[in-house]
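For reference, the chains in residue letters:
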Amino acid sequence: MKNFILGLAVLSTVMMKAQTQIIAHRGYFQTQPPTTENSLQSLENAQKLKIYGSEFDVRMTKDGVLVINHDEHHGKMEISEATFKELEVLKLSNGEKFPTLKDYLKQGKKDKALKLIVEIKPAKTPEIENEITQKTIKMIKDMKLESQSEFISFSLNICKEIKKQAPSFKVQYLNGELSPEQIKKEGLDGMDYHYSVFQKNPTWIAEAKTLGLITNSWTVNDIAIYDELKKQGIGFVTTNIPDQLKNK
């Protein structure tokens, strides 16, 4: 009987480890030599790692072009107030041209095994957010990448708009203030919160799993924190060190 119980415990541990998947934060850019976050090279690096997915950030230029950039500014230019022609003059620090969403999706399509975790950044008005969301979804559908794409955002409006426009898409909320029950009531698929939120609310991962929600945490760059989240049964972690966590 003792052996049976021990076997169950080992099996449970193995299953829990298998359940925690790795997502590269803005691609895998902390390589040797290092490259640039949100670059095509960082996405290609993530593809080579054979992990679950790679996250990237979508914004829209003044003239309606969808581009990949985390910050509101590219150099000294505010993306929402500059044209793509103005922005593309300044290359990324690794020498690549300033990437569009279309560029990124083309590279993503080369490896169907890697999920594309699309973060649509909040905009100045709900109307602009809805436009960015609509254009992003249309491009993903036009490129037949629906099954490979998942969505995250700090904007609750964007999250709800994605579900309104494409109910089958998986959408997780990033901001951290909504409980699992509230996420479920909003009709979203999961919560992708900073690890400190889960530390302050130690029951949320278990509650979310009970409700059938996806659980994810960012940006987990500490192995001890990763182990802590994994023990709680978290589904995913988003990290700048995917190479170090993938076999943990």
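Residues numbered from 1 in each chain as written. Predicted model: local features only at pLDDT ≥ 70, side-chain atom pairs only at ≥ 80, totals over all residues. Heavy atoms only, no water.

By the naming in an unreviewed UniProt entry, the chain is Glycerophosphoryl diester phosphodiesterase, taken from Chryseobacterium sediminis.

**With respect to the packing of aromatic side chains**
For the structure shown, the criterion picks out 7 aromatic pairs. Ring geometry for Phe154 against Trp218: centres 5.6 Å apart, planes inclined by 80°, an arrangement best described as edge-to-face. Here Phe154, found in the loop between β7 (149–153) and α6 (156–165), pairs with Trp218, found in strand β10 (residues 214–218); they are 64 residues apart in sequence, far enough to count as distant. The class of Phe154 is partly exposed, set by a relative accessible area of 26%. Pairing Tyr193 with Trp204 gives two aromatic rings, centres 6.1 Å apart and planes at 55°, and the pair type is tilted. Residue Tyr193 is located in strand β9 (residues 190–194), and its partner Trp204 is located in helix α9 (residues 204–210); the two are separated by 11 residues in the primary sequence. Since its relative accessible area comes to 12%, Trp204 is described here as buried. An aromatic cluster is defined as three or more aromatic residues linked by ring pairs; in this entry it consists of Tyr193, Phe198 and Trp204. (Phe/Tyr/Trp six-rings, centres within 6.5 Å; stacked < 30°, edge-to-face > 60°. Helix = DSSP H or I, 4+ residues; strand = E, 2+ residues; numbered from the N terminus. Buried < 20%, exposed > 50% of the residue type's maximum accessible area, 1.4 Å probe, protein only.)

**What about the UniProt feature "domain: GP-PDE" (unreviewed entry) in the chain?**
Feature annotation in UniProt assigns "domain: GP-PDE" (unreviewed entry) to the following positions: residues 20–248. Span residues 20–248 is 35% helix and 21% strand, its end C-alpha atoms 10 Å apart. (UniProt positions renumbered as here; feature names shortened; annotations may be inferred.)

**What to know about the side chain of Lys121**
Within the fold, Lys121 resides in the loop between β6 (115–120) and α5 (126–142). Here Glu119 takes part through its side chain, which lies 2.9 Å from a polar atom of the side chain of Lys121. (Polar contact = N/O pair within 3.5 Å; in protein donor to acceptor, adjacent residues only side chain to side chain.)

**Concerning the pairing of β6**
Most of β6 is tucked away, with 5 of its 6 residues classed as buried. As defined by bridge partners, strand β2 (residues 53–60) adjoins β6 across 6 bridges and the pair is classed as parallel. Within the sheet, the bridge partner assigned to Phe56 lies in β6 and is Val118. As paired elements, β6 and β7 share 4 bridges and run parallel to each other. When the sheet's bridge partners are listed, Ile117 is paired in β7 with Glu150. (Pairing = 2+ DSSP bridges.)

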